[in-house]
Amino acid sequence: MNIHEYQAKDILQRFGVPVPRGEVASTPAEARAAAEKLGGQVVVKAQVHAGGRGKAGGVKLASNPDEAEKYAAGMLGTQLVTHQTGPQGVPVRKVLIAEATDIADELYLSIIVDGDLGVPVVIASTEGGVEIEVVAEKTPEKLFRVAGDPLLGLSPYHARDIAAALKVPASAQRATAALISNLYRVFVENDCSLVEINPLVITKSGDVIALDAKINLEDDALFRHKDLASLHDPEQEDELELRAHEADLAYVKLDGGRVGCMVNGAGLAMATMDITKWAGADPANFLDIGGSADEKRIEEAFKIIVSDKDVEIILVNLFAGIARADVVAQGIVNAAKETDAKLPMVVAMRGTNADEGRRILNESGLDISAAPDLAGAAEVLRDRLAGMKGGSR
Ligand code: ADP
Ligand code: MG
């Protein structure tokens, strides 16, 4: 689960990570009042679940409360489009009014779980304030990584090593090492999947401070953090992903594709996307119905896929184990009739009640091409795509 910058900064502060003074505002008048209270220059920051706000006009420096009010009025109620959002952007309902910091240097600091090592890894770089993906690609030697220990945590000497790698001035080394140790506690104690400070800033007066903050909380651990679960902001999420989440389905929207993929199981999803590529098209999404699925959930799954306007053809790849193929087939047929969806489908079904599933599909009168298996599905999909014109429906 993603949370807003102002919420992330609240957490940081509770763990002793310094952040600029700030207040959140929902109206231009509140923004003005906050700026008056903070005094001096402030930055007005759109609160959305996306980075790249600076370049997109979502972070503005205001010299006085008048300007802060004006910038807030310009952001609130709009959709902010950044390189991390889709073209439709995400709604700005709140702005953070933060004290402007005199920046001497912008650094980068993050913690993620390293999938290979299975432990939290701290990533630090002297190249802050820019996209870290670009640093990783062009100058990977500028990324410094230190793995934490699941039992011992991050040792103080590791924190000092990282502070040294960040090349902060000698006078700020101690404070930076302390900040890193505290950030590690934020990560572990809140069950985060990501904590990212970009930029971490050295101020002209030599202080170290987290100017931006991004926190992702691990969904599967939220039951241990009831207070954090309430930070959820559904408005920031993709509508279909949200709908899927509510139906306990794993749905991921992918950019630029035209094939909707319905599968059961993450491995099968990967293989299905591979064969889609092989067939000469890109997946528009994939929806994992999981192990056990009843007819109602399949119906909802199908409706979600056809609601994606990029989808021109649907590939259903099912290996029925606990989920029964006939139940899935019936769910698809019900949903297709109910939504009056005319999209062609390529269906590969194996496993429990696969014959019955195929019979239901064949007798449904829908535009369905059956495929014997994964390889067969690839060929059928390729042939169907060849017969279709590209472009949107
Ligand atoms: P995003 O990552 O979404 O672009 P940031 O919070 O990182 O948003 O802000 C972008 C840039 O704006 C920062 O790299 C920094 O240069 C500037 N900035 C952000 N907050 C402040 C602040 N409180 N004082 C001064 N400059 C700021
Ligand atoms: Mg940033």
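Refer to the structure printed above.
The text that follows walks through the structure, step by step, so that each part is easy to find.

About the cut-offs
- Residues numbered from 1 in each chain as written.
- Chains lettered and ligands numbered in written order.
- Predicted model: local features only at pLDDT ≥ 70, side-chain atom pairs only at ≥ 80, totals over all residues.
- Heavy atoms only, no water.
- Donors = N, O, S within 2.8 Å, 3.2 Å for Na, K, Ca; no water.
- Helix = DSSP H or I, 4+ residues; strand = E, 2+ residues; numbered from the N terminus.
- Buried < 20%, exposed > 50% of the residue type's maximum accessible area, 1.4 Å probe, protein only.
- Near = heavy atom within 4 Å.
- Polar contact = N/O pair within 3.5 Å; in protein donor to acceptor, adjacent residues only side chain to side chain.
- Areas by Shrake-Rupley, 256 points an atom, 1.4 Å probe, with all protein chains shown as cover.
- Salt bridge = Lys/Arg side-chain N within 4 Å of Asp/Glu carboxyl O.

### Regarding the coordination of the magnesium ion (ligand 2)
So, step 1. Within the first shell, the magnesium ion (ligand 2) binds the protein through N198 (O) and D212 (OD), at distances of 2.1 to 2.2 Å. Of this pair, N198 sits in strand β10 (residues 192-203) while D212 is found in the loop between β11 (208-210) and β12 (214-217), placing the two residues 14 residues apart along the sequence. There is no split in this pair, since N198 and D212 are both buried.

### Digging into the site of ligand 1
So, step 1. Around ligand 1, the surrounding shell holds 16 residues, and the nearest of these are K45, R53, G54, T101 and E106.
So, step 2. Within the backbone of G52, a nitrogen or oxygen atom sits 3.2 Å from an oxygen atom of ligand 1.
So, step 3. A distance of 2.6 Å separates an oxygen atom of ligand 1 from a polar side-chain atom of E106.
So, step 4. The fraction of the free accessible surface of ligand 1 (540 Å²) that becomes covered by protein chains is 82%.

### Description of the pattern of salt bridges
When charged atoms on two side chains of opposite charge get close, those side chains can pair.
So, step 1. Applying the stated criterion across every chain yields a total of 27 salt bridges.
So, step 2. As a salt-bridge pair, K45 and E5 come within 2.7 Å of each other at their nearest N and O atoms. Linking K45 in strand β2 (residues 42-46) with E5 in helix α1 (residues 5-14), this pair joins segments that are 40 residues apart in sequence. For the pair K45 and E5, a shared accessibility class is recorded, and that class is buried.
So, step 3. D191 serves as the salt-bridge partner of R224, at 3.0 Å between the closest nitrogen and oxygen. Linking R224 in the loop between β12 and α7 (226-229) with D191 in the loop between α6 (170-189) and β10, this pair joins segments that are 33 residues apart in sequence.
So, step 4. Classification of D191 as buried rests on a relative accessible area of 17%.
So, step 5. Linked by salt bridges that have partners in common, E5, K9, K45, R53 and D212 make up one network.

### Brief notes about α1
So, step 1. Here α1 lies mainly inside the structure; seven of its 10 residues are buried.
So, step 2. Considered for burial, the residues of α1 that qualify are E5, Y6, Q7, A8, K9, I11 and L12.
So, step 3. Directly after α1, the chain includes G16, whose backbone phi takes a positive value near 80 degrees.

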